[in-house]
Amino acid sequence: MKIQAVNGIARILKAEGIPWVSCYPTSPVNNALGEEGVPILMMGEERFAVAVADAFSRVTSGKQIGACTVMAGLNAAGIQMAYGAIAQAWEDSSPLLVMAEGVGAGATRHTHYDMAGAFKSVTKWVGEVGRADQVPDYVRRAFTHLRSGRPGPVLLLIPRDLGEYDEAEHPYAPVKGWRSGPDPDDVKSAIKTLLAAKNPLLHVGEGVLYADATAELLQFAEAAQVPVMTTLKAKGAFPEHHPLSVGIRGSLTEHYLRGCDVLFSIGSSLFPNRFSHAVPEPDKKTIVQCTVDTLDINRSYETRHAVIGDAKLTLQALIEELAKRGGAGKKPALVDEIRAHKQAFLAKFTPWLTSNETPINPYRVLGDLMKVLDPKNSFVTADSGNTRDQTSTVYETHIPRGFLGWGNVSTLGFSLAGAVAAKLAYPNRQCVNVTGDAGVCYMMGNFEAVARYKLGITTIHINNGGYSGYGPGFWGAGHDPYTWKVSDHGSACMATMAKSVGFHSEDVSQPSEIIPALKRALDENAKGRPAFVEFLCSHHPVHGGWVRGGGGH
């Protein structure tokens, strides 16, 4: 039976278990999706359509692939607008499927813009479908890239009017995806090094989440009796209320990162990005790096021991080898030491987490948020700037993907996409995103879509009338004292804006009203109504930075 190429794509997406496709505004694939019964989520602009699909892949750790369409072809404005969002997925290794209209054979003379060339630097693969009968082959290759090796975005360019192909002659079967296991000799060497260490530290990256290896990580950490820190992207891969957890940033994490003699990394590139730790004094440490990608080895640091393979298979092999050597035994003194350091860490933040000052201390909002949310059935993420730094430092995450962090880059407004994707993936969870003044400005145009689809999420707006840490009062004299200030609540009430498109919304100026306001928001979420709560906050500085090489930050 012959079918149109775009209908073939839609049927293949159904076979691959794609639950919905986000889009903005038009694409030759969209109508076919509708005809084949694949739900379409129309967002407010291209960047957000890509971001929601990207976030869906992240919050499900690649178990479900986020897919989106954007406008392209000879009018490539849509995909040009989407570039930043696709680049973000590339930098953070997110398995995202982007579909856009390609330029048909012979039509390239009508444009200066080479879409395939422009996106090759920010995608794992670009597939340009040239004939209708190539559809199964190209989509098969796309899902092979999406489900195997290091994750990353894939772009399919599908020209309009490709015509038909015969499904019987060109059948399609869903792609399994493939994993590779580690070399046994490398596993033995890694465990020997770990057991010989005086002060080892487990450094955990997001690869553990994508490998569905959090249970194995917990088993390995407890058998090895080693402190565990995670990257921001991996926050929640190891339960942060566990006695061996030392978090992701702040004085507690820094103490163990600086003091370790063996850094045992699993599922991390170890890139010293702006929003991740560098390895201090790497020449005085032995680095064991367990990663799926050989390009990570000896890239940022000398890797004396490498274990190449899927994180789940690697951890299973490490656990087996550790058991053969008798394990590490219980270390109650280590657990007591971590507890004492954690108490000292919390002692610094508790006055702010419980502060009654006005304007409201932003840490008080986060402290009360932790009192309201169910740590076993909730999701939190935060936007760029101070909201990212403050939330990631003090918010305690108990479950995998109970928090969504990110790596080298995140576009402002992405937290809303993260909460939307989490609600679509986990409908019964409480889903919250924390943002600041700049983030709200980026996401405003998409509030209508959130209300239209009745997505019960809560946006927390930390309103301090300023952009990040740039003005006086944040960092001493401030980075950019001439450009940091924006409209305050008196002249621009964002809660009113959110209410006008269907959100439950309110603004809060008193600390005593934080918990009641959050509870009202979550009650509205349970009815399928999004909520926006604006907290009038102070210019409170961030505490606890990212460790840099040597003695600096």
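You'll find the structure just up there.
As the structure is a computational prediction, the values presented were derived from the model and not from experiment.

Undergrad: What am I meant to see in the overall build of the protein chain here?
TA: Of the regular secondary structure elements, the protein chain holds 19 helices and 19 strands. For a compact globule of 553 residues, the expected C-alpha radius of gyration is about 24 Å, and the protein chain comes in at 24 Å, within 12% of that figure. Projected onto its principal axes, the C-alpha positions of the protein chain cover 70 × 65 × 40 Å. Counting across all 553 residues of the protein chain, residues that qualify as buried make up 59%.

Undergrad: I would appreciate a short explanation of the environment of Q225 in the present structure.
TA: Note that Q225 resides in the loop between α9 (214-224) and β10 (228-230). Taking the C-alpha atoms as reference points, Q225 and L315, 90 residues apart in sequence, are found 15 Å from one another. A polar contact is formed between the side chain of Q225 and the backbone oxygen of E222, at a distance of 2.9 Å. Side-chain polar atoms of Q225 contact the backbone nitrogen of K331, separated by 3.2 Å.

Undergrad: Any chance you could explain the pairing of strand β19 (residues 531-536) here in plain terms?
TA: Within a regular strand, the side chains alternate between the two sheet faces. Counting buried positions along β19 gives five out of six residues, so the element sits mostly inside the fold. The pairing of strand β17 (residues 457-463) with β19 spans six bridges and is classified as parallel. Its bridge partner being in β19, N463 is matched across the sheet by L536. Sheet topology note: the strand β18 (residues 504-508)/β19 ladder contains five bridges and is parallel.

Undergrad: Got a minute to help me understand the sheet that holds strand β9 (residues 200-204) in this structure?
TA: In any sheet, the strands associate via hydrogen bonds between backbone groups, in a parallel or an antiparallel arrangement. An order of β10-β9-β11-β12-β13 is seen for the five strands of this open sheet, with the pairing classed as parallel. On the outer flanks of this sheet lie β10 and β13 (305-308), each paired with one strand and no other. Each neighbouring strand pair of the sheet contributes to a mean axis angle of 15°, computed without reference to strand direction. The pairing of β9 with strand β11 (residues 262-266) spans five bridges and is classified as parallel. In the strand pairing of β11, L202 is matched with F264.

Undergrad: So what exactly am I meant to see when it comes to the sheet that holds strand β7 (residues 154-157) here?
TA: Taking strand neighbours across the sheet as the criterion, the six strands line up as β3-β2-β4-β5-β7-β6 in an open arrangement whose pairing is parallel. Of all strands in the sheet, those bounded by a partner on one side alone are β3 (40-42) and β6 (125-128). Within this sheet the neighbouring strands show an average axis-to-axis angle of 20°, counted without direction. Looking at chain direction, strand β4 (residues 66-70) and strand β5 (residues 96-100) are connected through five bridges and run parallel. What sits directly across from G66, in β5, is L96. Packed onto the sheet, helix α2 (residues 28-35) meets β2 (21-24), β3, β4 and β5 and runs at close to 130° relative to β3.

Undergrad: Looking at this model, I keep getting lost on empty space enclosed by the protein. Mind explaining?
TA: Any space left empty among the atoms is revealed by the rolling of a water-sized probe across them. Applying the stated criterion to the full structure yields two cavities of 30 Å³ or more. Its volume calculated, the largest cavity comes out at about 40 Å³. Taken together, L232, T381, A382, R388, S392, F403, L404, G405 and W406 form the lining of the largest cavity. Mapped by element, the contributors of at least two residues to the lining of the largest cavity are β14 (378-382), α14 (386-394) and β15 (403-404). Considered class by class, the residues forming the lining of the largest cavity number five nonpolar, three polar and one charged. A volume near 30 Å³ is recorded for the second largest cavity. Looking at the second largest cavity, the residues that line it are P375, S378, Y395, E396, T397, H398, I399 and G402. Tallied by class, the residues present in the lining of the second largest cavity amount to three nonpolar, four polar and one charged.

Undergrad: Quick question: what am I supposed to make of helix α1 (residues 5-15) here?
TA: Three or four residues apart is the spacing at which side chains of an α-helix point the same way, because the helix has 3.6 residues per turn. The buried fraction of α1 is high, at eight of eleven residues. Among the residues of α1, those classed as buried are A5, V6, N7, G8, I9, A10, I12 and L13. The inward-facing, buried residues of α1 contact β1 (2-4), β2, α2, β5, α6 (135-147) and β8 (164-166). Just downstream of α1 lies G17, where phi reads positive at about 80°.

Undergrad: Honestly, the pattern of salt bridges in this entry has me stumped. Any pointers?
TA: It is possible for side chains of opposite charge to pair when their charged atoms get near one another. Under the criterion given, the structure shown has 31 salt bridges. E321 is the partner of R325 in a salt bridge, and the nearest nitrogen-oxygen pair spans 2.9 Å. Judged by relative accessible area, R325 falls into the partly exposed class, the value being 40%. Overall, the relative accessible area of 9% leaves E321 in the buried class. Residue K527 pairs with E524 through a salt bridge whose shortest N-O separation is 3.4 Å. Of the residues examined, E524 reaches a relative accessible area of 16% and is grouped as buried. Connected through shared salt-bridge partners, R11, E36 and E167 make up one network.

Reading the values: rules and limits
- Residues take numbers from 1 onward in each chain, read along the sequence in its written order.
- Where local features are concerned, this predicted model is filtered to residues with pLDDT of at least 70; where side-chain atom pairs are given and counted, the filter is 80 or more; whole-chain, interface and lining totals use all residues.
- With hydrogens and water excluded, all non-hydrogen atoms of the structure serve as input to the side-chain values.
- Secondary structure follows DSSP: runs of H or I at least 4 residues long count as helices, runs of E at least 2 residues long count as strands, and numbering of each begins at the N terminus.
- We compute the radius of gyration over the C-alpha atoms and compare it with the globule rule, which gives 2.2 Å times the number of residues raised to the power 0.38.
- We call a residue buried when its accessible area falls under 20% of the maximum for its residue type, exposed when it is over 50%, and partly exposed in between, using a 1.4 Å probe and counting protein chains only.
- Nitrogen and oxygen atoms within 3.5 Å of one another constitute a polar contact, given that in protein one can donate a hydrogen and the other can accept it, and given that sequence-neighbouring residues count only through two side-chain atoms.
- If DSSP finds at least two bridges between two strands, the strands pair.
- Here the axes come from fitting lines to C-alpha atoms, over the contacting stretch only for helices, and the angles between their N-to-C directions go from 0 to 180 degrees.
- Note on contacts: a residue pair is in contact if any heavy atoms of the two residues lie within 4.5 Å.
- As defined here, a cavity is a set of points on a 1 Å grid over the protein atoms alone where a 1.4 Å probe fits but cannot get out. A pocket is an open set with protein on both sides within 12 Å along at least five of seven lines, and residues line them when an atom is within 4 Å of a point.
- Grid points are joined across faces, edges and corners, and a volume is the space filled by probe spheres set on the points.
- Under this grouping Gly is polar, as are all residues other than the nonpolar Ala, Val, Leu, Ile, Met, Phe, Trp, Tyr, Cys and Pro and the charged Asp, Glu, Lys and Arg.
- We define a salt bridge as a side-chain nitrogen of Lys or Arg found within 4 Å of a carboxyl oxygen belonging to Asp or Glu.

Geometric descriptors of this kind do not, in isolation, establish any biological role.
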